[in-house]
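Structure at a glance
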Amino acid sequence: MNAPSRPISASRSVLTEMLFPGDTNYHGTMFGGTLMQYIDKIATIAAMRHCHMPVVTVSQDSLDFLSPIRVGEAFELEACVTWTHRSSMEIYCVVRAEDLFTGDRRLTVTAFSTFVALGPDGKSAPVPGVYPETEEERLLHESAPARYEQRQLRRGQRYSSTDGRDK
């Protein structure tokens, strides 16, 4: 597939929810694992919007919890494809919480995920390139190759055992 490059904005996906007690821990804040599931879902949508193919999660990087989300707050996830390689896509997700009574909003989580597109045969398939249009997008796009190299290095170190045992 040699589709033309697409702007980062074409993959932008947003989801807003409200935190209810069933998704909280004993601190009255959102379970981290539940939020990770939301991040994976919105990142999947962004990746599929970009490549128009099925995708699978390859890695979750730099999942940084900055502030808790409390019961009764709204939380908004925003994700977009920031960079592509042959068949892989880096997706950046930012999560913000909002106190609906005061309107105060704050950053709660940032995360980078990597997805791979799948062709009809179930194997990795080429994806279109992506290009930035804003200054923030440009910074994410330009710093992505360094994150890609770090992921490759980590994978090489973590999974290079020849005897099949975990290190």
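Everything numeric in this text was worked out from a predicted model, so none of it was measured. (Residues numbered from 1 in each chain as written. Predicted model: local features only at pLDDT ≥ 70, side-chain atom pairs only at ≥ 80, totals over all residues. Heavy atoms only, no water.)

This next bit is on unusual backbone geometry. Here the phi dihedral of His52 falls at roughly 55°; this positive angle occurs in a residue that is not glycine. Looking at the secondary structure, you find His52 in the loop between helix 1 (32-51) and strand 3 (55-65). Overall, the relative accessible area of 60% leaves His52 in the exposed class. A positive phi angle, close to 45°, is found at Ser62, a residue other than glycine. Among the secondary structure elements, Ser62 is positioned in strand 3. (Helix = DSSP H or I, 4+ residues; strand = E, 2+ residues; numbered from the N terminus. Buried < 20%, exposed > 50% of the residue type's maximum accessible area, 1.4 Å probe, protein only.)

A separate point is the pattern of salt bridges. Applying the stated criterion across every chain, the model contains 13 salt bridges. Measuring nitrogen to oxygen at the nearest pair gives 2.8 Å for the salt bridge that ties Glu90 to Arg147. In this pair, Glu90 sits in strand 5 (residues 88-98) while Arg147 sits in helix 2 (residues 135-158), placing the two residues 57 residues apart along the sequence. Residue classification places Glu90 among the buried positions, given a relative accessible area of 1%. (Salt bridge = Lys/Arg side-chain N within 4 Å of Asp/Glu carboxyl O.)

Quick look at a nonpolar patch on the surface now. Together, Met18, Phe20 and Leu100 make up an exposed nonpolar region whose accessible area comes to about 300 Å². Relative to the helices and strands, Met18 is located in strand 2 (residues 13-18). Taking the relative accessible area as the measure of exposure, Met18 reaches 37% and is therefore partly exposed. (Patch = residues over 30% accessible without salt bridge, like charges linked within 9 Å, V, L, I, M, F, W, Y side chains within 5 Å. Areas by Shrake-Rupley, 256 points an atom, 1.4 Å probe, with all protein chains shown as cover.)

Attention now goes to the nonpolar core. Leu35, Leu77, Met89 and Ile91 are the most contacted members of the largest nonpolar core, which totals 31 residues. Those elements that provide at least two residues to this core are helix 1, strand 4 (74-84), strand 5 and strand 6 (105-117). Per-element tally for this core: the top contributor is helix 1, with 8 residues. When neighbours within four sequence positions are excluded, Leu35 is seen to be in contact with Met30, Phe65, Ile69, Phe75, Leu77, Val95 and Val109. (Core = buried A, V, L, I, M, F, W, Y, C linked by side-chain atoms within 4.5 Å. Contact = heavy atoms within 4.5 Å.)

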